Amino acid sequence: MKKSNSSILIKLLVLQCLAVVCLSQSFDFFYFVQQWPGSYCDTRQSCCYPETGKPDEDFGIHGLWPNYNDGTYPSSCDRSNSFDESKISDLLSRLEKDWPTLACPSGDGIKFWGHEWNKHGTCSESNLDQHSYFQKALDLKAKANLLQALQTAGIRPADGKYHSLESIKVAIEQALGVTTFIDCNVDTRGNHQIYQVYLCVDTSGSNFIECPVLPHGRPCGNKIEFPSFSSDSNHDEL
(Lines give C-alpha, C1' and ligand atoms only; values in the text may rest on other atoms or scores of the structure.)
Protein backbone atom coordinates (compact mmCIF):
# COMPACT_ATOMS: atom_id res chain seq x y z
CA MET A 1 0.00 0.00 0.00
CA LYS A 2 2.81 2.35 0.91
CA LYS A 3 4.59 1.52 -2.33
CA SER A 4 1.42 2.26 -4.28
CA ASN A 5 0.99 5.64 -2.58
CA SER A 6 4.62 6.50 -3.25
CA SER A 7 4.21 5.64 -6.91
CA ILE A 8 1.15 7.86 -7.20
CA LEU A 9 2.97 10.74 -5.51
CA ILE A 10 5.92 10.43 -7.89
CA LYS A 11 3.59 10.44 -10.89
CA LEU A 12 1.85 13.57 -9.61
CA LEU A 13 5.17 15.35 -9.13
CA VAL A 14 6.26 14.39 -12.65
CA LEU A 15 3.00 15.70 -14.09
CA GLN A 16 3.41 18.99 -12.22
CA CYS A 17 6.94 19.39 -13.54
CA LEU A 18 5.80 18.62 -17.06
CA ALA A 19 3.02 21.19 -16.71
CA VAL A 20 5.54 23.91 -15.86
CA VAL A 21 7.73 22.92 -18.80
CA CYS A 22 4.78 22.90 -21.18
CA LEU A 23 3.68 26.32 -20.02
CA SER A 24 7.14 27.77 -20.59
CA GLN A 25 7.41 26.22 -24.05
CA SER A 26 3.91 26.71 -25.34
CA PHE A 27 3.82 29.99 -27.20
CA ASP A 28 3.76 30.88 -30.88
CA PHE A 29 5.32 34.35 -31.16
CA PHE A 30 6.19 37.49 -29.24
CA TYR A 31 4.65 40.92 -29.23
CA PHE A 32 7.47 43.42 -28.93
CA VAL A 33 5.87 46.58 -27.55
CA GLN A 34 7.35 50.07 -27.41
CA GLN A 35 5.63 53.16 -26.02
CA TRP A 36 5.94 56.89 -26.50
CA PRO A 37 6.83 58.41 -23.10
CA GLY A 38 4.85 61.64 -23.37
CA SER A 39 1.68 59.68 -24.12
CA TYR A 40 2.25 57.39 -21.16
CA CYS A 41 2.21 60.45 -18.95
CA ASP A 42 -1.11 61.52 -20.44
CA THR A 43 -2.73 58.17 -19.71
CA ARG A 44 -2.44 58.60 -15.95
CA GLN A 45 -2.87 61.31 -13.35
CA SER A 46 0.87 61.56 -12.95
CA CYS A 47 4.17 60.12 -14.08
CA CYS A 48 7.69 60.40 -12.73
CA TYR A 49 11.08 60.46 -14.32
CA PRO A 50 13.26 57.53 -13.25
CA GLU A 51 16.00 58.08 -10.69
CA THR A 52 18.51 58.20 -13.53
CA GLY A 53 16.89 61.36 -14.94
CA LYS A 54 14.65 62.44 -17.78
CA PRO A 55 14.46 59.79 -20.53
CA ASP A 56 15.11 60.62 -24.16
CA GLU A 57 12.11 61.65 -26.23
CA ASP A 58 12.20 58.36 -28.00
CA PHE A 59 10.20 55.15 -27.88
CA GLY A 60 10.93 53.07 -24.78
CA ILE A 61 10.45 49.35 -24.41
CA HIS A 62 7.30 48.23 -22.63
CA GLY A 63 7.80 44.50 -22.98
CA LEU A 64 8.48 41.34 -24.95
CA TRP A 65 5.36 39.23 -24.51
CA PRO A 66 4.83 35.58 -25.53
CA ASN A 67 1.50 35.03 -27.26
CA TYR A 68 -0.59 32.32 -28.87
CA ASN A 69 -1.90 32.38 -32.42
CA ASP A 70 -5.48 32.42 -31.11
CA GLY A 71 -4.93 35.82 -29.44
CA THR A 72 -4.51 34.56 -25.88
CA TYR A 73 -1.26 34.51 -23.95
CA PRO A 74 0.49 32.61 -21.14
CA SER A 75 1.28 34.42 -17.91
CA SER A 76 3.51 33.92 -14.83
CA CYS A 77 4.66 30.51 -16.00
CA ASP A 78 7.43 29.71 -13.53
CA ARG A 79 7.22 31.18 -10.04
CA SER A 80 10.37 29.28 -9.07
CA ASN A 81 12.47 31.37 -11.46
CA SER A 82 11.78 34.91 -10.28
CA PHE A 83 13.65 38.00 -11.43
CA ASP A 84 17.27 38.23 -10.32
CA GLU A 85 18.96 41.59 -10.90
CA SER A 86 22.42 40.04 -10.68
CA LYS A 87 21.77 38.08 -13.88
CA ILE A 88 21.44 41.26 -15.95
CA SER A 89 24.00 43.49 -14.21
CA ASP A 90 25.91 44.03 -17.46
CA LEU A 91 22.73 45.30 -19.17
CA LEU A 92 21.64 47.86 -16.59
CA SER A 93 22.93 50.96 -18.38
CA ARG A 94 21.17 49.93 -21.59
CA LEU A 95 17.99 49.06 -19.72
CA GLU A 96 17.97 52.44 -17.98
CA LYS A 97 18.23 54.16 -21.36
CA ASP A 98 16.00 52.00 -23.55
CA TRP A 99 13.58 50.43 -21.04
CA PRO A 100 12.97 53.26 -18.54
CA THR A 101 10.25 53.29 -15.91
CA LEU A 102 7.87 56.26 -15.71
CA ALA A 103 5.82 54.97 -12.80
CA CYS A 104 5.51 56.96 -9.58
CA PRO A 105 7.24 57.23 -7.23
CA SER A 106 10.52 57.51 -9.14
CA GLY A 107 12.36 54.22 -9.33
CA ASP A 108 15.46 52.61 -10.76
CA GLY A 109 13.55 50.30 -13.11
CA ILE A 110 14.13 47.11 -11.12
CA LYS A 111 10.46 46.73 -10.16
CA PHE A 112 9.34 47.31 -13.77
CA TRP A 113 11.81 44.83 -15.26
CA GLY A 114 11.04 42.32 -12.53
CA HIS A 115 7.34 42.49 -13.35
CA GLU A 116 8.00 41.96 -17.05
CA TRP A 117 10.22 38.93 -16.44
CA ASN A 118 7.97 37.32 -13.82
CA LYS A 119 4.77 37.77 -15.84
CA HIS A 120 6.02 37.39 -19.42
CA GLY A 121 9.65 36.35 -19.53
CA THR A 122 9.15 33.14 -17.55
CA CYS A 123 6.78 31.97 -20.29
CA SER A 124 9.63 32.03 -22.82
CA GLU A 125 12.33 30.43 -20.70
CA SER A 126 12.43 27.27 -22.83
CA ASN A 127 14.04 29.50 -25.49
CA LEU A 128 15.47 32.40 -23.51
CA ASP A 129 17.03 32.56 -20.07
CA GLN A 130 16.66 35.75 -18.07
CA HIS A 131 19.73 37.46 -19.50
CA SER A 132 18.83 36.48 -23.06
CA TYR A 133 15.28 37.74 -22.61
CA PHE A 134 16.39 41.27 -21.77
CA GLN A 135 19.28 41.19 -24.25
CA LYS A 136 16.91 40.22 -27.07
CA ALA A 137 14.48 43.03 -26.21
CA LEU A 138 17.26 45.60 -26.21
CA ASP A 139 18.59 44.30 -29.52
CA LEU A 140 15.09 44.41 -31.04
CA LYS A 141 14.74 48.06 -30.09
CA ALA A 142 18.01 48.89 -31.79
CA LYS A 143 17.02 46.81 -34.83
CA ALA A 144 13.60 48.46 -35.15
CA ASN A 145 14.89 52.03 -34.54
CA LEU A 146 11.38 53.46 -34.83
CA LEU A 147 12.48 57.07 -34.42
CA GLN A 148 14.88 56.76 -37.35
CA ALA A 149 12.24 55.02 -39.47
CA LEU A 150 9.83 57.90 -38.90
CA GLN A 151 12.43 60.59 -39.50
CA THR A 152 13.49 58.94 -42.76
CA ALA A 153 9.88 59.24 -43.91
CA GLY A 154 9.80 62.93 -42.95
CA ILE A 155 7.88 62.40 -39.70
CA ARG A 156 9.67 64.28 -36.94
CA PRO A 157 7.96 63.77 -33.56
CA ALA A 158 9.69 66.80 -32.07
CA ASP A 159 8.06 69.19 -34.57
CA GLY A 160 4.76 69.25 -32.65
CA LYS A 161 2.71 68.53 -35.77
CA TYR A 162 -0.10 66.05 -36.31
CA HIS A 163 0.49 63.05 -38.55
CA SER A 164 -1.86 60.55 -40.14
CA LEU A 165 -2.05 57.00 -38.84
CA GLU A 166 -1.41 55.67 -42.33
CA SER A 167 1.77 57.69 -42.80
CA ILE A 168 3.16 56.43 -39.47
CA LYS A 169 2.34 52.81 -40.25
CA VAL A 170 3.77 53.01 -43.76
CA ALA A 171 7.00 54.56 -42.48
CA ILE A 172 7.55 51.75 -39.99
CA GLU A 173 6.43 48.98 -42.33
CA GLN A 174 8.68 50.18 -45.15
CA ALA A 175 11.67 50.27 -42.80
CA LEU A 176 11.07 46.84 -41.24
CA GLY A 177 9.18 44.96 -43.95
CA VAL A 178 6.38 43.80 -41.65
CA THR A 179 2.98 45.05 -40.55
CA THR A 180 2.73 46.95 -37.29
CA PHE A 181 -0.14 47.73 -34.92
CA ILE A 182 -0.45 51.16 -33.34
CA ASP A 183 -2.31 51.80 -30.10
CA CYS A 184 -3.42 55.37 -29.36
CA ASN A 185 -4.24 57.39 -26.27
CA VAL A 186 -6.71 60.30 -26.10
CA ASP A 187 -5.68 63.14 -23.81
CA THR A 188 -7.96 65.38 -21.75
CA ARG A 189 -8.32 67.76 -24.69
CA GLY A 190 -9.47 64.99 -27.01
CA ASN A 191 -6.22 64.80 -29.00
CA HIS A 192 -5.21 61.38 -30.29
CA GLN A 193 -1.64 60.49 -29.35
CA ILE A 194 0.58 57.65 -30.46
CA TYR A 195 0.93 55.48 -27.37
CA GLN A 196 2.26 52.02 -28.21
CA VAL A 197 3.70 50.31 -31.28
CA TYR A 198 3.39 46.52 -31.53
CA LEU A 199 5.68 44.40 -33.68
CA CYS A 200 5.62 40.62 -33.89
CA VAL A 201 8.75 38.54 -33.36
CA ASP A 202 9.53 34.85 -33.82
CA THR A 203 9.97 32.54 -30.85
CA SER A 204 13.76 32.97 -30.90
CA GLY A 205 13.24 36.64 -30.05
CA SER A 206 15.44 37.64 -32.99
CA ASN A 207 13.38 38.29 -36.13
CA PHE A 208 10.40 40.47 -36.93
CA ILE A 209 7.56 38.56 -38.57
CA GLU A 210 4.07 39.22 -39.86
CA CYS A 211 1.67 39.11 -36.92
CA PRO A 212 -0.37 35.89 -36.74
CA VAL A 213 -3.00 37.93 -34.92
CA LEU A 214 -3.17 41.63 -34.11
CA PRO A 215 -3.71 42.83 -30.53
CA HIS A 216 -6.86 44.49 -29.26
CA GLY A 217 -5.81 48.10 -28.75
CA ARG A 218 -7.39 51.51 -28.63
CA PRO A 219 -8.26 53.02 -32.02
CA CYS A 220 -6.47 56.01 -33.49
CA GLY A 221 -8.07 59.05 -35.08
CA ASN A 222 -7.07 60.60 -38.38
CA LYS A 223 -4.66 63.04 -36.74
CA ILE A 224 -2.07 61.73 -34.31
CA GLU A 225 0.42 63.68 -32.24
CA PHE A 226 3.62 62.80 -30.39
CA PRO A 227 3.30 64.74 -27.11
CA SER A 228 6.53 65.85 -25.51
CA PHE A 229 7.27 65.85 -21.81
CA SER A 230 7.29 69.64 -21.83
CA SER A 231 3.73 69.81 -23.15
CA ASP A 232 2.43 67.68 -20.30
CA SER A 233 1.52 69.31 -17.00
CA ASN A 234 0.97 66.21 -14.87
CA HIS A 235 4.51 65.19 -13.94
CA ASP A 236 5.14 64.63 -10.27
CA GLU A 237 8.83 65.26 -10.83
CA LEU A 238 10.26 67.45 -13.58
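To be clear, the structure that these remarks concern was listed above.
Residues numbered from 1 in each chain as written. Predicted model: local features only at pLDDT ≥ 70, side-chain atom pairs only at ≥ 80, totals over all residues. Heavy atoms only, no water.

A. Focus on helix α4 (residues 110–119). If you check which residues of α4 are buried, you get F112, W113, G114, E116 and W117. Close packing links the buried residues of α4 with β3 (60–67), α3 (92–98) and α5 (130–144). (Buried < 20%, exposed > 50% of the residue type's maximum accessible area, 1.4 Å probe, protein only. Helix = DSSP H or I, 4+ residues; strand = E, 2+ residues; numbered from the N terminus. Contact = heavy atoms within 4.5 Å.)

B. The pattern of salt bridges, seen in detail. Inspection of the entire model under this criterion finds seven salt bridges. The shortest N-O distance in the salt bridge between D98 and K97 comes to 3.5 Å. Of the residues examined, D98 reaches a relative accessible area of 12% and is grouped as buried. K97 gets classed as exposed once you look at its relative accessible area, which sits at 52%. Salt-bridge contacts for D183 lead to R218; the nearest nitrogen and oxygen are separated by 3.0 Å. A residue pair is termed long-range when its members are at least 10 positions apart, and D183 in strand β4 (residues 181–186) and R218 in the loop between β6 (208–209) and β7 (235–237) qualify at 35 residues. (Salt bridge = Lys/Arg side-chain N within 4 Å of Asp/Glu carboxyl O.)

C. Layout of the pairing of strand β5 (residues 192–201). By the criterion of burial, β5 is predominantly enclosed, with nine of the ten residues buried. Sheet analysis places strand β1 (residues 29–35) next to β5, joined by six bridges and oriented antiparallel. The residue bridging F32 from the neighbouring strand is L199, located in β5. Hairpin remark: β4 followed by β5, antiparallel, with five residues in the connecting loop; positive phi at G190, about 85°. Note: β5 against β6, two bridges, orientation antiparallel. Within the sheet, the bridge partner assigned to C200 lies in β6 and is I209. Taking the residues that link successive antiparallel strands as the turn, the β5-β6 hairpin has six residues, and the phi of G205 there is positive, at about 75°. (Pairing = 2+ DSSP bridges.)

D. Region of the structure containing unusual backbone geometry. Looking along the chain, the bond that leaves C104 and enters P105 is cis, with omega of -5°. Inspection of the secondary structure puts P105 in the loop between α3 and α4. One non-glycine residue, N145, lies in the positive phi region at around 45°. Structurally, N145 can be placed in the loop between α5 and α6 (146–152).

E. Structural context of the nonpolar core. Core analysis: the biggest nonpolar cluster contains 43 residues, and L95, W99, F134, I168, I194 and F208 have the highest contact counts within it. It is α5 that provides the largest number of residues to this core, a total of six residues. Dropping the residues within four chain positions of it, F134 is found in contact with F83, I88, L91, L95, W99, W113 and W117. Core analysis: the next-biggest nonpolar cluster, separate from the first, contains eight residues, F29, V33, C200 and C211 among them. (Core = buried A, V, L, I, M, F, W, Y, C linked by side-chain atoms within 4.5 Å.)

F. Inspection of a negative patch on the surface at higher detail. Residues E51, D84, E85, E96 and D108 make up a contiguous surface patch of negative charge. In this structure E85 comes out as partly exposed when scored by relative accessible area, which is 38%. (Patch = residues over 30% accessible without salt bridge, like charges linked within 9 Å, V, L, I, M, F, W, Y side chains within 5 Å. Areas by Shrake-Rupley, 256 points an atom, 1.4 Å probe, with all protein chains shown as cover. Lys, Arg positive; Asp, Glu negative; His and termini not counted. Charge placed at Lys NZ, Arg CZ, Asp CG, Glu CD.)

By themselves, these are just geometric observations and shouldn't be taken as functional.
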